[in-house]
There are 2 protein chains.
Amino acid sequence: MNLTVAEENYIKAIFHLQQAEGNVSTNQLAASLHTKPASVTDMLKKLTNKNLLNYKPYQGVRLSKEGKKQALMIVRRHRLWEFFLVDKLQFGWDEVHEVAEELEHVSSKKLVEKLDSFLGHPKFDPHGDPIPDVHGNMVAIRQFNLIDIQPGTLVEVCSVGSQSAELLELLRHKNIGISTEMLIMKKFDFDHSVEIKIKNSQHINISQQLAQALFVKLV
Amino acid sequence: MNLTVAEENYIKAIFHLQQAEGNVSTNQLAASLHTKPASVTDMLKKLTNKNLLNYKPYQGVRLSKEGKKQALMIVRRHRLWEFFLVDKLQFGWDEVHEVAEELEHVSSKKLVEKLDSFLGHPKFDPHGDPIPDVHGNMVAIRQFNLIDIQPGTLVEVCSVGSQSAELLELLRHKNIGISTEMLIMKKFDFDHSVEIKIKNSQHINISQQLAQALFVKLV
DNA sequence: AATTATTTTTAGACAAATCTAAATAAATTA
DNA sequence: TAATTTATTTAGATTTGTCTAAAAATAATT
Ligand SMILES: [Mn+2]
Ligand SMILES: [Mn+2]
Ligand SMILES: [Mn+2]
Ligand SMILES: [Mn+2]
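Definitions and limits used
Residues numbered from 1 in each chain as written. Chains lettered and ligands numbered in written order. Predicted model: local features only at pLDDT ≥ 70, side-chain atom pairs only at ≥ 80, totals over all residues. Heavy atoms only, no water. Helix = DSSP H or I, 4+ residues; strand = E, 2+ residues; numbered from the N terminus. Buried < 20%, exposed > 50% of the residue type's maximum accessible area, 1.4 Å probe, protein only. Contact = heavy atoms within 4.5 Å. Donors = N, O, S within 2.8 Å, 3.2 Å for Na, K, Ca; no water. Near = heavy atom within 4 Å. Polar contact = N/O pair within 3.5 Å; in protein donor to acceptor, adjacent residues only side chain to side chain. Nonpolar A, V, L, I, M, F, W, Y, C, P; charged D, E, K, R; others polar. Pairing = 2+ DSSP bridges. Core = buried A, V, L, I, M, F, W, Y, C linked by side-chain atoms within 4.5 Å. Axes fitted to C-alpha atoms, helices over the stretch in contact; angles between N-to-C directions. Parallel < 35°, antiparallel > 145°, perpendicular 65-115°, else oblique.

Across its full length, chain A carries eight helices and eight strands. On the principal axes, the C-alpha backbone points of chain A span a range of 60 × 45 × 25 Å. Counting only residues that meet the buried cut, chain A has 42% of its 219 residues in that class. Taking the intrachain contacts of chain A between residues at least 6 apart in sequence as the baseline, contacts between residues at least 24 apart amount to 59%.

Have a look at this one:
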């Protein structure tokens, strides 16, 4: 089961997109891979023939058992290399992604396992994301309550503390959703409100109640 | 000037084949790259258009100035990764070539320079071959074929003539490696074999074929 | 329910890198 | 020199991964 670089990039993208919600749509994939929907359809057929995913035309797609196994190994390589770049080569945590995007496709089993040993079997990559082990197992994601984050930290929303319509209304109004990236600017002692800066947007203020309802991971 | 993996492999192969002198032939290249002469001709035209080499139909090929520069950077990456694999990941020197063959194509400038620093700017790879520096310069050592050394001379192995698993297996069996010191004892005219004495070890006999695959420097 | 808009798939084309088979040039031998 | 062998190039196909434009299916509106 040898995969090309393109196939691996598709598998990994599907893996990440299907994490939260059900089937992954063609358009979602096209956007995520910076390609066109027609190209995605072609590749989905090819990966289906390789039994890496379950695909029904117009119904979107999910990884098969084998596909998920492959995805976990790609993610493992990606995150191990990110750890290496930051921990050994003194890269900044914000400069490693593109390089790891290439290194992840060097798939020598021996290389990956020896690298893992050399690094001391790290459990998290520089962004706080868990690194799957040889068997594809990873520890639950490192998630923090936004209220506990220190100013200057860049975070990404990964879940909310309730599903209440009131909370979701407020989040929509403030343009905050799952995977929104934000920089924590300042915390005010008076009312425990938090000033944040959403990526490509303005500074806004978040109440104590709202901050307590948001769970984030380090980016 | 962004090169594909295939283009880089061609450039590197031409670089190594033209070392001796003279133009590199289409057939030589096809053999070296395990491809067909027709494919080589196609690629030579393409690389000529990119001004990486000077090619006249039927006359063979040489790298241009720019081509040589590119080649030296590919060789630099290859050898730095080989050093990394042996020195940091505990690979055997006979297991690194294939992996380095892939890693050499990850061409982030920043990655290569930081890796070089991390490794302590090594001057030689695990096979005794010199590693070009950032500017493409590499130390020149006066290197002789063991078959040409006169009896009574003390030498040190500094590189091997091929990376084949068969050669490396034989060397391991005879306990010969890079930087092994040996005294040349006697040369036999009958089969051109050579008797040597490895430092702190016994006298052993080396076949003509093996002697021709070993490069040494005077100690 | 009918119309409109969106999403997805199909059809056809293209560039990269390879191959086989045939044609041509160069080198060798007679 | 002429014939033969070897090396190289051309011609035409194939695979992979991509694209645009058009058709078909699904979803959203009126
Ligand atoms: Mn990638
Ligand atoms: Mn990461
Ligand atoms: Mn290579
Ligand atoms: Mn080497």
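Next comes the rest of the account.
Residues and elements named next belong to chain A. Surrounding the manganese ion (ligand 1) are the protein donor atoms N9 (OD1), E101 (O), E101 (OE), E104 (OE) and H105 (NE2), at 2.1 to 2.6 Å. Sequence spacing of the donor residues for the manganese ion (ligand 1), all on one chain, is N-x91-E-x2-E-H. Its relative accessible area of 0% is what places E104 among the buried residues. Overall, H105 belongs to the buried group, its relative accessible area being 12%.

Moving on: the protein's contact with DNA strand D. In the vicinity of DNA strand D there are 19 residues, among which T4, T35 and K46 of chain A together with K45 and Y55 of chain B approach most closely. Expressed as a percentage, the sugar and phosphate content of the atoms of DNA strand D within 4 Å of the protein is 74%. A distance of 3.3 Å is found between a sugar or linking oxygen of DNA strand D and a side-chain nitrogen or oxygen belonging to Y58 of chain A. Y58 of chain B has a polar backbone atom sitting 2.9 Å from a phosphate oxygen of DNA strand D. Secondary structure elements with two or more residues in the surface near DNA strand D: α3 (37-49) of chain A together with α2 (26-32) and α3 (37-49) of chain B. A class-by-class count of the residues in the surface near DNA strand D yields eight nonpolar, seven polar and four charged.

Here we take up the pairing of strand β6 (residues 194-198) of chain A. All names here are of chain A. Alternating residues of β6 divide into V194, I196 and I198, all buried, and E195 and K197, none buried. Sheet topology note: the strand β5 (residues 181-187)/β6 ladder contains five bridges and is antiparallel. In the strand pairing of β6, M182 is matched with I198. Linking β5 back to β6 in an antiparallel pair, the connection comprises six residues, with H192 at a positive phi of about 60 degrees. Judged from the four bridges that link them, β6 and strand β7 (residues 203-206) form a sheet pairing that is antiparallel. Looking at β7, one finds that K197 is bridged to H203. Counting the residues between successive antiparallel strands, the hairpin from β6 to β7 contains four residues, one of them, N200, with a positive phi of roughly 55 degrees.

Taking strand neighbours across the sheet as the criterion, the six strands line up as β3-β8-β4-β5-β6-β7 (chain B) in an open arrangement whose pairing is antiparallel. Two strands close off the open sheet at either side, each with one partner strand: β3 (144-145) and β7 (203-206) of chain B.

Residues and elements named next belong to chain B. With respect to the helices and strands, K12 occurs in helix α1 (residues 5-18). Assessed through its relative accessible area of 8%, K12 is described here as buried. Among the polar contacts listed, one links the side chain of K12 to the side chain of E104, at a separation of 2.9 Å. With residues up to four places along the chain from it excluded, the contact list for K12 reads I74, V75, H78, E101 and E104.

In terms of nonpolar packing, the biggest core is built from 34 residues, with W81, F84 and L111 of chain A together with W81, F84 and L111 of chain B touching the most fellow members. Counting residues per element, the ones that place at least two in this core are α4 (65-87), α5 (97-103) and α6 (109-119) of chain A together with α4 (65-87), α5 (97-103) and α6 (109-119) of chain B. Setting aside chain neighbours within four positions, we find L111 of chain A in contact with W81 and V106 of chain A together with L85, L89, F91, V99 and L103 of chain B.

This paragraph deals with the packing of α1 of chain B against α4 of chain B. Residues and elements named next belong to chain B. Interaxial distance between α1 and α4 falls to 9 Å at its minimum, and their mutual angle equals 95 degrees. The angle between α1 and α4 falls in the class roughly perpendicular. Judged by residue contacts, E8, I11, K12, F15, H16 and Q18 of α1 engage G67, K68, Q70, A71, L72, I74, V75, R77, H78 and R79 from α4. Here the contact of α1 with α4 is built from residues that sort into six nonpolar, five polar and five charged.

So, on to the protein's contact with DNA strand C. Inspection of the region around DNA strand C gives 19 residues, with K45 and Y55 of chain A together with T4, T35 and K46 of chain B positioned closest. For DNA strand C, the backbone makes up 75% of the atoms found within 4 Å of the protein, where backbone means sugar plus phosphate. Y58 of chain A is positioned such that a nitrogen or oxygen atom in its backbone is 2.9 Å from a phosphate oxygen of DNA strand C. One of the side-chain nitrogen or oxygen atoms of T35 of chain B is found 2.5 Å away from a phosphate oxygen of DNA strand C. If you list the elements that add at least two residues to the surface near DNA strand C, you get α2 (26-32) and α3 of chain A together with α3 of chain B.

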